[in-house]
Amino acid sequence: MLRQIREQKKMSQDRLSELAGLDRTFISLIECGKRKPSLETINKITHALDVKTWEVLKYIEETNCESIFNK
(Lines give C-alpha, C1' and ligand atoms only; values in the text may rest on other atoms or scores of the structure.)
Protein backbone atom coordinates (compact mmCIF):
# COMPACT_ATOMS: atom_id res chain seq x y z
CA MET A 1 0.00 0.00 0.00
CA LEU A 2 2.82 2.42 0.83
CA ARG A 3 4.41 1.92 -2.57
CA GLN A 4 1.07 2.47 -4.35
CA ILE A 5 0.40 5.74 -2.52
CA ARG A 6 3.97 6.93 -3.07
CA GLU A 7 3.84 6.12 -6.79
CA GLN A 8 0.41 7.76 -7.18
CA LYS A 9 1.96 10.91 -5.78
CA LYS A 10 4.89 10.52 -8.17
CA MET A 11 7.31 10.50 -5.27
CA SER A 12 10.61 8.62 -5.17
CA GLN A 13 11.78 6.68 -2.15
CA ASP A 14 14.54 9.27 -1.78
CA ARG A 15 12.05 12.13 -1.61
CA LEU A 16 9.79 10.26 0.82
CA SER A 17 12.75 9.49 3.06
CA GLU A 18 13.75 13.16 3.06
CA LEU A 19 10.25 14.35 3.92
CA ALA A 20 9.72 11.68 6.59
CA GLY A 21 13.20 12.01 8.10
CA LEU A 22 13.93 8.33 7.53
CA ASP A 23 16.63 6.42 5.68
CA ARG A 24 15.75 5.47 2.09
CA THR A 25 16.84 1.90 2.72
CA PHE A 26 14.39 1.70 5.62
CA ILE A 27 11.57 2.92 3.35
CA SER A 28 12.51 0.19 0.86
CA LEU A 29 12.51 -2.50 3.55
CA ILE A 30 9.08 -1.36 4.77
CA GLU A 31 7.70 -1.43 1.23
CA CYS A 32 9.03 -4.96 0.75
CA GLY A 33 7.50 -6.09 4.04
CA LYS A 34 10.88 -6.86 5.60
CA ARG A 35 10.45 -4.28 8.37
CA LYS A 36 7.39 -3.41 10.41
CA PRO A 37 7.25 0.29 11.26
CA SER A 38 6.24 1.64 14.65
CA LEU A 39 3.20 3.88 14.95
CA GLU A 40 5.55 6.87 15.17
CA THR A 41 7.17 5.86 11.88
CA ILE A 42 3.77 5.30 10.27
CA ASN A 43 2.81 8.83 11.34
CA LYS A 44 5.99 10.25 9.80
CA ILE A 45 5.40 8.43 6.52
CA THR A 46 1.70 9.27 6.23
CA HIS A 47 2.44 12.91 7.04
CA ALA A 48 5.15 12.99 4.35
CA LEU A 49 2.69 11.43 1.87
CA ASP A 50 -0.02 13.89 2.91
CA VAL A 51 -2.49 11.18 3.85
CA LYS A 52 -4.27 10.79 7.16
CA THR A 53 -2.94 8.04 9.42
CA TRP A 54 -6.44 7.12 10.58
CA GLU A 55 -7.54 6.59 6.97
CA VAL A 56 -4.67 4.18 6.39
CA LEU A 57 -5.44 2.30 9.60
CA LYS A 58 -9.14 2.19 8.70
CA TYR A 59 -8.22 0.70 5.32
CA ILE A 60 -6.24 -2.05 7.06
CA GLU A 61 -9.17 -2.86 9.31
CA GLU A 62 -11.73 -2.87 6.50
CA THR A 63 -9.65 -4.97 4.12
CA ASN A 64 -8.31 -7.27 6.83
CA CYS A 65 -4.88 -6.50 5.45
CA GLU A 66 -1.85 -7.94 7.29
CA SER A 67 0.26 -4.87 6.71
CA ILE A 68 -0.33 -1.40 5.38
CA PHE A 69 2.98 -1.37 3.64
CA ASN A 70 3.00 -4.63 1.75
CA LYS A 71 1.60 -4.94 -1.76
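The present account deals with the structure reproduced in this document. Just so it is clear, the model here is predicted, and its values are computed rather than measured. (Residues numbered from 1 in each chain as written. Predicted model: local features only at pLDDT ≥ 70, side-chain atom pairs only at ≥ 80, totals over all residues. Heavy atoms only, no water.)

### A look at the overall build of the chain
Of the regular secondary structure elements, the chain holds five helices and zero strands. Of the regular secondary structure in the chain, the N- to C-terminal order runs α-α-α-α-α. Sorting the 71 residues of the chain into buried and exposed places 37% on the buried side. Looking at the chain alone, contacts between residues at least 24 apart form 58% of all its contacts between residues at least 6 apart. When the accessible area of the chain is evaluated, it comes to approximately 4900 Å², of which 46% is carbon and sulfur surface. (Helix = DSSP H or I, 4+ residues; strand = E, 2+ residues; numbered from the N terminus. Buried < 20%, exposed > 50% of the residue type's maximum accessible area, 1.4 Å probe, protein only. Contact = heavy atoms within 4.5 Å. Areas by Shrake-Rupley, 256 points an atom, 1.4 Å probe, with all protein chains shown as cover.)

### A look at unusual backbone geometry
Positive phi outside glycine occurs at Lys-10, with the angle close to 55 degrees. Mapped onto the fold, Lys-10 is located in the loop between helix H1 (2-8) and helix H2 (13-20). For Lys-10, a relative accessible area of 78% corresponds to the exposed category. Of note, Asp-50 is a non-glycine position whose phi angle comes to about 60 degrees, a positive value.

### Overview of the packing of H2 against helix H3 (residues 24-31)
The geometry of H2 relative to H3 is characterised by a closest axis approach of 8 Å and an angle of 110 degrees between their N-to-C directions. Judged on the interaxial angle alone, H3 and H2 are roughly perpendicular. At the point where H2 passes H3, the crossing takes the right-handed sense. Only Arg-24, Ile-27, Ser-28 and Glu-31 of H3 make contact with H2, whose side of the interface consists of Gln-13, Asp-14, Leu-16 and Ser-17. Residues that form the contact of H2 with H3 fall into these classes: two nonpolar, three polar and three charged. (Axes fitted to C-alpha atoms, helices over the stretch in contact; angles between N-to-C directions. Parallel < 35°, antiparallel > 145°, perpendicular 65-115°, else oblique. Left-handed = near helix turned anticlockwise from the far one by under 90°. Nonpolar A, V, L, I, M, F, W, Y, C, P; charged D, E, K, R; others polar.)

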